Amino acid sequence: MEVKVLNITGKETGRSITLSDSVFAIEPNNHAVYLDVKQYLANQRQGTHKAKERAEVTGSTRKIKKQKGTGTARAGSIKNPLFKGGGRVFGPRPRSYSFKLNKQVKRLARKSAFSIKAKESNIIVLEDFNFETPNTKNFINVLKALGLENKKSLFVVGDSNKNVYLSSRNLKTSSVVSHLELSTYAILNTNNLILLEGSLEGIEENLSK
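Residues numbered from 1 in each chain as written. Predicted model: local features only at pLDDT ≥ 70, side-chain atom pairs only at ≥ 80, totals over all residues. Heavy atoms only, no water.

Draft legend 1. Representation of the pattern of salt bridges. One pass over the structure, following the stated rule, counts six salt bridges. As a salt-bridge pair, Glu-127 and Arg-15 come within 3.6 Å of each other at their nearest N and O atoms. Within this pair, whereas Glu-127 is found in the loop between β3 (123-126) and α4 (136-145), its partner Arg-15 is found in strand β2 (residues 12-18), the two being separated by 112 residues in sequence. Residue classification places Arg-15 among the partly exposed residues on the basis of a relative accessible area of 38%. (Salt bridge = Lys/Arg side-chain N within 4 Å of Asp/Glu carboxyl O. Helix = DSSP H or I, 4+ residues; strand = E, 2+ residues; numbered from the N terminus. Buried < 20%, exposed > 50% of the residue type's maximum accessible area, 1.4 Å probe, protein only.)

This is the structure we're talking about:
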């Protein structure tokens, strides 16, 4: 798959680059994508929810009325879940929602996500760039030049690019990540995927193992 390389002004550089078909042109595996996104979202959950059960609420353990002769159901502790202020039956307890997913499944999911974006023509290859100092205005100018100022975009850089990252940090619709931090969820949760030239080798190397 051949893609033209653009510069930060949005113009063609006259160069093109060939993207690996084994990464960007496979038949997407929707179930692998589902599992990887599910794991990512599950890992974001803190799992600190807690409700007090019968043994944990404050209240007397005295039998609140005699066993027989009242014409109503028998009752013991005021902490009974049936009463207002009583404990909760089978309430949530702190737990981890994370689960294991094989590396091959995660690789297949990322390749499927890349292939989906490539099929939709939502991948842009940009030549490497940097800023002398963090500057959000300069980053916005790059977005405008690419026609992405009103779209959700994800920039994937090769090595850590601190100034570019800091320049994008205040923007709600754009973000910058290293190719090592890239996830299936991040790829799919964006309108346009902007791959800097320096990230392509790392992406293809990681997903070709």
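Draft legend 2. Focus on the nonpolar core. Core analysis: the biggest nonpolar cluster contains 20 residues, and Phe-24, Phe-114, Val-156, Leu-182, Leu-193, Leu-195 and Ile-203 have the highest contact counts within it. Of all the secondary-structure elements, those providing two or more residues to this core are β1 (2-6), α1 (21-24), α3 (103-119), β3, β4 (153-157), β6 (192-196) and α7 (197-207). In this view, Leu-182 contacts Arg-110, Phe-114, Leu-154, Val-156, Val-177, Ile-187 and Ile-203; residues no more than four positions away in its chain are not counted. One finds Ile-124, Phe-129, Leu-148 and Val-157 within the second-largest nonpolar core, a separate group that totals 16 residues. (Core = buried A, V, L, I, M, F, W, Y, C linked by side-chain atoms within 4.5 Å. Contact = heavy atoms within 4.5 Å.)

Draft legend 3. Looking closely at the side chain of Lys-111. For Lys-111, the location among the structural elements is in helix α3. Of the side chains bearing the opposite charge, Glu-204 lies closest to the buried Lys-111, which forms no salt bridge; the N-O distance is 12 Å. (Lys, Arg positive; Asp, Glu negative; His and termini not counted.)

Draft legend 4. Representation of the pairing of β1 in the model. The sheet contact formed by β1 and β2 spans four bridges and is antiparallel. Note that in β2 the partner of Leu-6 across the bridge is Glu-12. What sits between the antiparallel neighbours β1 and β2 is a turn of five residues, in which Gly-10 has the positive phi angle 85°. Pairing geometry for β1 and β3, over two bridges, is parallel. Across the sheet, the residue bridging to Val-5 is Val-125, located in β3. (Pairing = 2+ DSSP bridges.)

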